[in-house]
Amino acid sequence: MRISENIAIQPGKRPGRRWRWSGLLEDRTVMGMAFVAPAVGLLLLFLAYPLILGIWLGFTDTVVGGTGEFIGLANYISLLNDALFWKVTYYTFLYTGAAVFFKLLLGFALAIVLNREFRAKGFVRAIVLLPWIIPTVLSAICFWWLYDTTFSGITWVLMKIGLIGHKIDYLGDPTNARIALIVANVWRGIPFFTIGLLAGLQTINPSLYEAASIDGAGGWHRFRHVTLPLISPLLAVVTTFSTIWTFADFQLIWVITRGGPANATHLYGTLSFQRAIPGGQFGEGAAISAFILPVLMISVWVCYKYMRREE
Amino acid sequence: MSEKFVERMIKFYLPLFIFLFFLLFPFYWMFITAFKSDAELYNLKLNPFFIHEPTFKNILMLFKETLFNRWMFNTFFVAILATILSLSASLLAAYAIQRVRFRGSGPIGISIFFGYLVPPTILFIPLAAIIFQLKIWDSLWSLVLIYPTFLIPFCTWLLMGYFKSIPKEMEECAMIDGASRLRVFWQIVVPLALPGILSAGIFAFTLSWNEYLYALTFISTTTLKTAPVGLITELVRGDVYHWGPLMTGALLASVPVALVYSFFVEHYVAGMTGALKE
Amino acid sequence: MAKVVMEKLNKHFGEVKAVRDFDLEIPDKEFVVLVGPSGCGKTTTLRMVAGLEDITSGNIYIDDKVVNQLPPKDRDIAMVFQNYALYPHMTVYQNMAFGLTLRKFPKAEIKQRVKEAAEILNIGELLERKPKALSGGQRQRVAVGRAIVRKPKVFLFDEPLSNLDAKLRVQMRVELKKLHDRLQTTIIYVTHDQVEAMTMGDCIVVMKDGLKQQVGAPLELYFRPANKFVAGFIGSPAMNFMEGELLSEQGGLFLQTMGFKLKIPEDKAAKLKSYPEKRVIFGIRPEDLPEAPAAIPNETIEVVVEVLEPLGSEVYLDVKVGETSLIARAEPTTKAKPHFKLYLQPVLENMRFFSIRDEKALF
Ligand SMILES: Nc1ncnc2c1ncn2[C@@H]1O[C@H](COP(=O)(O)OP(=O)(O)OP(=O)(O)O)[C@@H](O)[C@H]1O
Ligand SMILES: [Mg+2]
């Protein structure tokens, strides 16, 4: 190999314009800005701007297709004086609280069940995720049919084994409807908790359990003192995500009950849709959805805190 | 030995079976309904858990008497375009935030991530107003442009995790080898991040396919509806529910996501857990 | 084919001063090793030469040209990373050809050069494989091969051998040295292993806490360390250090410590005269502590053997004088036994003295 020859640094074939452009990109800041620009642009236009516009709309009497006047707190005052709004508020919190609680409980339980080696583990894991993958609207249709008063399979079984003597009106009775929707939401949300937490459980070094066993910790103690502390940050993040999604839910409710019967199952999301889109009252609808904001802010704060702690 | 088996039964198989039953039963219900005739469906004397006389009439009705294939096409169209758009934007953004580390990249990354937490129920009213002003009301393009609002945050976050796992030295070595930053990105980073890009793409596709609220709000023309919206609004007229075709539609509309998913489960799970762990 | 000069080089990471006022002139074709404990700034220095790290202040010249602002691709250097950084999606051939392709070399020439490099490194059969299908040692060769096909002005190596097992490391050490003889190119080589530094470098730069401690040929550092740090860092087992008092008595200068008293040879005593303080640190290497058959006043030390470390060709004795531990090298035939007394007779000519205040060598 002859060593003496030097490699001349050959510029691109066509210097000039192209060269200058790529030269610019060599600068960190220029390249960084250029690369984030499309994403940031889209998000500013269709996420940040609407977020602010929505808050503004809540203070106006805008109707669909028109411009509105600033009317101060009028939307909020009329909402707070509306018994229906309080009913919706009650159910929104009930729905979120109950659904998140059971999703967490059952999802975590299933994660623990799955956190061991067994044949077909990958297959089972894939199956478990199905309720999460299949479009919610489509599974909601299925629940709707399953909750049919006359033809429900659940009723058929319960009557066959003699547990009930008459048919259950799942969706016609307010209390039943509320429970039925929570069950459907839990069904859909379990996989998210399970798969998320399973991933966390699998990162726990088995030798920690072995060490705890040697120290004399039983099953419960191992869970309480090894599993729980190690998984709690992930648990918090998963729960936060689920909370904001459940609180702002729309699809399940809208498909199965449309907020009925007697508005018993409206959430902020569905009520705001009903007022704004079929009803045309953009201002009022925006004011209703503004009530989701505090929960959103708390979620962001919790996530931020835990992400900071992780680092 | 047998004692161990009993313990394993109680602690593992039994709960697993109950969970799987609970999670899968609705799909079974959906499936059998799709292949039942109305006569069978509404016959209370028959055991509803079996198909006594399978029929394809529901499928035929769905395709002949509704615009189901049109809706499926629309859903595909929107899902694919929104995925491509979001993926391209996220790929660039994630790389810049994770690797170029320019001034302000940290806060930008965090803000993008929090975008994922913003629920559509807060945004759909102001977005409706914006869509109206942009004159893309009642057009599939509105969905193509809006879906990235929830796809980009997710994909960006997921891809950032992937980029993190690519050794920095690889890029530095390429830079010493004579590659410009742009070339390092195209020839080194993107090929190495392909699994991540695939995960993100699958996610974006299923999330787009899943979307309901925006499609319901922004589209009113029947021929432009997406499958989830079309099924609900067109097959439920007043009090007349066509349960057979509805279930068939739900089943068929789930097939593309289920297929994509089944081919790439591992990527999906990896993506989901990766995004959570970040 | 190039001279590399660093001038008052500084690198700060926020509060951390990774490299401080670093001056170094590397003549053409020299094999220079930067060595020092973990975190002393070796990698940072190397990365500044490569252009991967911005310079806080100072200048770097390659061939008398300031390259501070030049991007890495225009510096005509090649670097071998500790983790090799092979592109996993390319074959070995593509990995090696990448830099040449980017520089738009004709296909035939690329092929020729890759073939030559592969021959030199004995990786001719591996060209079609992906890095995943290679062993650690093979990856290492490919990484070197990728660097040499470019025929750069300067090679930079950052701990390239630290991921190899001990035996392979020794073998590669020799091969890299041969490669340097063959290529006759300037090499800057970073390692934290002083044995690697001693065996490979024409010239060694010892660093600590971002500061250059001493520059010199391997044996120069060994026999004339500039300070206590270099003395302790170079050589294995490390030099023994003790504090002692200088006593001017009848018959010359004596060194008094807790356990013993030694007479300092005349020539050293003369040099120590100008030293104003009474207390000094003195150092002596294990091989300069041979066994003595019997006690000789002012010439031997009485020690108690604690542990024997037989290595075959030699035996290291961990011994104690009072509270201080020393290591001495003995012949394999030694009769020493743990917990028994022993006399050592220091080779006083090879003793080093360091100032107690700044730990610099006194002469
Ligand atoms: N990117 C960085 N940001 C902040 N501090 C850094 C960075 N890189 C290096 N440092 C700090 O600079 C100092 C020198 O680091 P450097 O990597 O040069 O050490 P080194 O001598 O190569 O050590 P080692 O033998 O462990 O590789 C260390 O204190 C390190 O923590
Ligand atoms: Mg280093």
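Residues numbered from 1 in each chain as written. Chains lettered and ligands numbered in written order. Predicted model: local features only at pLDDT ≥ 70, side-chain atom pairs only at ≥ 80, totals over all residues. Heavy atoms only, no water.

**Things to note about the overall build of chain A**
Next up, step 1: Broken down by element type, chain A carries 15 helices and 0 strands.
Next up, step 2: Rg of the C-alpha trace for chain A: 27 Å, well past the compact-globule value of 19 Å for 311 residues, more than 25% over.
Next up, step 3: The principal-axis extent of the C-alpha atoms belonging to chain A is close to 100 × 70 × 35 Å.
Next up, step 4: Buried residues in chain A amount to 51% of all 311 residues.
Next up, step 5: Total accessible area on chain A stands at roughly 14,500 Å², and carbon and sulfur atoms take up 65% of it.
Next up, step 6: Taken as two groups, the 24 positive and 16 negative side-chain charges of chain A have centres that lie 8 Å from each other. (Helix = DSSP H or I, 4+ residues; strand = E, 2+ residues; numbered from the N terminus. Rg over C-alpha atoms; globule rule 2.2 N^0.38 Å. Buried < 20%, exposed > 50% of the residue type's maximum accessible area, 1.4 Å probe, protein only. Areas by Shrake-Rupley, 256 points an atom, 1.4 Å probe, with all protein chains shown as cover. Lys, Arg positive; Asp, Glu negative; His and termini not counted. Charge placed at Lys NZ, Arg CZ, Asp CG, Glu CD.)

**A short note on the domain arrangement of chain C**
Residue and element names in this part refer to chain C.
Next up, step 1: For chain C, the assigned domains are domain 1 (4–233) and domain 2 (240–355).
Next up, step 2: Each of domain 1 and domain 2 was reduced to a C-alpha centroid, and the two centroids are 40 Å apart.
Next up, step 3: Taken together, the 9 residues of domain 1 in the interface contact 6 residues of domain 2.
Next up, step 4: Summed over both sides, the interface between domain 1 and domain 2 buries roughly 690 Å², with carbon and sulfur atoms accounting for 55% of that surface.
Next up, step 5: Ranking the residues of domain 1 by area buried against domain 2 places Y222, K228 and A231 at the top, with a combined share of 66%.
Next up, step 6: Put simply, domain 1 and domain 2 have 3 residue pairs in polar contact (both at pLDDT 80 or more) between them.
Next up, step 7: Contributions of two or more residues to the side of domain 1 that touches domain 2 are made by helix 7 (218–223) and helix 8 (228–233).
Next up, step 8: Broken down by class, the residue content of the side of domain 1 that touches domain 2 amounts to 5 nonpolar, 2 polar and 2 charged. (Domains from an automatic or database assignment. Contact = heavy atoms within 4.5 Å. Buried area = accessible area lost by both parts, 1.4 Å probe. Polar contact = N/O pair within 3.5 Å; in protein donor to acceptor, adjacent residues only side chain to side chain. Nonpolar A, V, L, I, M, F, W, Y, C, P; charged D, E, K, R; others polar.)

**Some details on the domain arrangement of chain A**
Next up, step 1: Partitioning chain A into domains gives domain 1 (2–48) and domain 2 (74–310).
Next up, step 2: The centre of domain 1 of chain A, based on its C-alpha atoms, is set 46 Å off from the matching centre of domain 2 of chain A.

**A word on the packing of aromatic side chains**
Next up, step 1: Taken as a whole, this structure holds 68 aromatic pairs over all chains when the rule is applied.
Next up, step 2: Of the aromatic side chains, those joined through ring pairs into one cluster are W132, F192, F193, F241, W245 and Y304 of chain A together with F113, F114, Y116, F154, W157 and F203 of chain B.
Next up, step 3: If you follow K337 of chain C out to its NZ or CZ, it ends over the ring of F340 of chain C, 5.3 Å from the centre. (Phe/Tyr/Trp six-rings, centres within 6.5 Å; stacked < 30°, edge-to-face > 60°. Lys NZ or Arg CZ within 6 Å of the ring centre and 35° of its normal.)

**Overview of the interface of chain A and chain B**
Next up, step 1: At the junction of the two partners, chain A supplies 102 residues and chain B supplies 97 residues.
Next up, step 2: Counting each side, the surface lost to burial between chain A and chain B is near 9,100 Å², with a carbon and sulfur contribution of 83%.
Next up, step 3: Summed over the three residues of chain A that lose the most area to chain B, namely F35, F46 and W145 of chain A, the buried surface amounts to 9% of that side.
Next up, step 4: Along the contact surface separating chain A from chain B lie 0 salt bridges.
Next up, step 5: The interface formed by chain A and chain B includes 6 residue pairs in polar contact (both at pLDDT 80 or more).
Next up, step 6: The greatest single-element share of the side of chain A that touches chain B, amounting to 21 residues, is contributed by helix 2 (residues 28–57) of chain A. (Salt bridge = Lys/Arg side-chain N within 4 Å of Asp/Glu carboxyl O.)

**Observations concerning the site of ligand 1**
Residue and element names in this part refer to chain C.
Next up, step 1: As a matter of local geometry, ligand 1 sits amid F13, V16, A18, S38, G39, C40, G41, K42, T43, T44 and E159.
Next up, step 2: Take C40: an N or O atom from its main chain is 3.2 Å from an oxygen atom of ligand 1.
Next up, step 3: When isolated, ligand 1 has an accessible area of 640 Å², and the protein chains bury 59% of it.
Next up, step 4: Looking at the shell around ligand 1, the elements with two or more residues in it are strand 2 (16–26) and helix 1 (42–50).
Next up, step 5: Ranked by the residues each element gives to the shell around ligand 1, the list is headed by helix 1, at 3 residues. (Near = heavy atom within 4 Å.)

**Notes on a nonpolar patch on the surface**
Next up, step 1: On the surface, a cluster of nonpolar side chains totalling about 480 Å² of accessible area is made up of F5, V6, M9, I10 and Y13 of chain B.
Next up, step 2: Following the sequence through the fold, I10 of chain B ends up in helix 1 (residues 2–34). (Patch = residues over 30% accessible without salt bridge, like charges linked within 9 Å, V, L, I, M, F, W, Y side chains within 5 Å.)

**Focus: the sheet that holds strand 11 (residues 240–249) of chain C**
Residue and element names in this part refer to chain C.
Next up, step 1: Taking strand neighbours across the sheet as the criterion, the 5 strands line up as 13-12-11-14-20 in an open arrangement whose pairing is antiparallel. Each having just a single partner strand, strand 13 (261–263) and strand 20 (352–355) make up the two edges of the open sheet. Going from strand to strand, the sheet's axes swing by 40° on average, the running direction of each strand aside.
Next up, step 2: Direction of pairing for strand 11 relative to strand 12 (residues 252–256): antiparallel, over a ladder of 5 bridges. Bridging across to strand 12, L247 finds its partner in F254. (Pairing = 2+ DSSP bridges. Axes fitted to C-alpha atoms, helices over the stretch in contact; angles between N-to-C directions.)

**Description of the pattern of salt bridges**
All names here are of chain C.
Next up, step 1: Overall, the coordinates contain 21 salt bridges over all chains when judged by the stated rule.
Next up, step 2: A salt bridge links R47 to E53; its shortest N-O distance comes to 2.9 Å. The pair formed by R47 and E53 is uniform in burial state, with each residue classed as buried.
Next up, step 3: Here K228 ties to E359 by a salt bridge, and the two come within 3.9 Å at their closest N and O atoms.

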